[in-house]
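Below are the chains, spelled out letter by letter.
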Amino acid sequence: MIKSVNYDQAEILLNIMELNGISCFDADITYGNGSFYKNSVPEPSLKFDISPQVEGVIKCSSDALPIEDSSLSSIVFDPPFLTYVKEARDHNSIMAKRFGGYWRYDDLMRHYKRTIDECYRVSGKKGKLIFKCQDIVHNHKLQPTHINIINYCAPMFRLKDMFILAAKSRMPIPQQEGTKKKVQKHARIHHSYFLVLERK
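Since we're looking at a predicted model, the values are computed, not measured.

Rules used in this analysis
- Residues numbered from 1 in each chain as written.
- Predicted model: local features only at pLDDT ≥ 70, side-chain atom pairs only at ≥ 80, totals over all residues.
- Heavy atoms only, no water.
- Helix = DSSP H or I, 4+ residues; strand = E, 2+ residues; numbered from the N terminus.
- Buried < 20%, exposed > 50% of the residue type's maximum accessible area, 1.4 Å probe, protein only.
- Contact = heavy atoms within 4.5 Å.
- Pairing = 2+ DSSP bridges.
- Phe/Tyr/Trp six-rings, centres within 6.5 Å; stacked < 30°, edge-to-face > 60°.
- Lys NZ or Arg CZ within 6 Å of the ring centre and 35° of its normal.
- Core = buried A, V, L, I, M, F, W, Y, C linked by side-chain atoms within 4.5 Å.
- pLDDT = per-residue confidence, 0-100.

### Some thoughts on the overall build of the protein chain
Here is step 1: Scanning the protein chain for helices and strands turns up 4 helices and 10 strands.
Here is step 2: Taken from N to C terminus, the helices and strands of the protein chain fall in the order β-α-β-β-β-β-α-α-β-β-β-α-β-β.
Here is step 3: Burial statistics for the protein chain: of 200 residues in total, 42% are counted as buried.
Here is step 4: The contacts in the protein chain between residues at least 6 apart in sequence include a share of 65% that link residues at least 24 apart.

### With respect to the pairing of strand S6 (residues 123-133)
Here is step 1: Among the 11 residues of S6, 9 are classified as buried, and the element is accordingly described as predominantly covered.
Here is step 2: Across 5 bridges, the pairing between strand S5 (residues 72-77) and S6 is parallel. Across the sheet, the residue bridging to Ile75 is Leu129, located in S6.
Here is step 3: Relative to strand S10 (residues 191-199), S6 is paired through 6 bridges, and the arrangement is antiparallel. Bridge pairing in S10 places Ile130 opposite Val196.

### Here's the deal with the packing of aromatic side chains
Here is step 1: Summed over the entire model, instances satisfying the criterion amount to 7 aromatic pairs.
Here is step 2: When the ring of Tyr120 is compared with that of Phe157, the centres are 6.0 Å apart and the planes differ by 75°; the resulting orientation is edge-to-face. Of this pair, Tyr120 sits in helix H3 (residues 105-122) while Phe157 sits in strand S9 (residues 157-166), placing them 37 residues apart in sequence.
Here is step 3: Sitting above the plane of the Tyr120 ring, Arg199 keeps its charged end 3.9 Å from the centroid.

### A word on the nonpolar core
Here is step 1: Counting residues in hydrophobic clusters, the biggest one holds 27 residues, and the most contacted among them are Ile29, Leu129, Phe131, Ile149 and Phe157.
Here is step 2: Apart from residues no more than four positions distant in its own chain, Leu129 is found in contact with Ile75, Phe77, Cys119, Phe157, Leu195, Val196 and Leu197.
Here is step 3: By size, the runner-up hydrophobic cluster in this structure holds 18 residues, among which are Ala10, Phe25, Phe194 and Val196.

### So, the confidence of the model for the protein chain
Here is step 1: Mean pLDDT for the protein chain: 86, with 82% of residues reaching 70 or above.
Here is step 2: Every residue in residues 85-99 is under pLDDT 50, and counting partners more than four places away or in other chains gives 15 contacts.

Here is the structure:
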């Protein structure tokens with residue numbers, strides 16, 4: 001029985017492949033170091049990244065793919081989700097180098113929307129877009145990213161499935177400056193989403 005909640009992202013990807021008859025994904029447009037494919041998930045046919053880290057990855061942005069219209073049947077998109085990330089900010093430099101990110105939430109959503117538009121262009125009829133995302137707290141407000149994505153996609157893609165990746169470890173609670181007391185104003189986010197979107 002395939003369940004919607006899992007602690008293993010490789011298992012989620014394999015479940016998505018099984019449910020959708022995918023032997024390997026046509027393209028991963030934010031390939032990174034290939035961490036998705038280190039635990040039995042087959043390598044995608046095409047690999048793209050704005051900053052290639054390994055051989056065989058084509059350099060390009062996810063919102064400007066060197067691919068013909070309506071030519072792909074399955075795409076994986078795992079973009080950065082962090083905000084307030086800038087290499088000049090010392091307290092975020094390690095996170096920025098490891099994951100990348102955006103300065104503001106509207107920068108994040110602008111890139112996501114441009115990429116969704118591009119995925120619509122290159123996807124064939126009923127093509128699948130597997131979009132990994134995470135809700136975040138930005139500027140003291142909860143941003144329900146997965147809902148924003150689903151709403152934006154509605155004219156182009158229908159939500160076919162949704163998986164939740166639960167975190168195995170807890171993120172630290174930030175400390176109030178000048179004290180040792182930990183301050184928490186929002187529930188800790190311990191999960192991310194794999195949205196399975198199907199082109200209309």
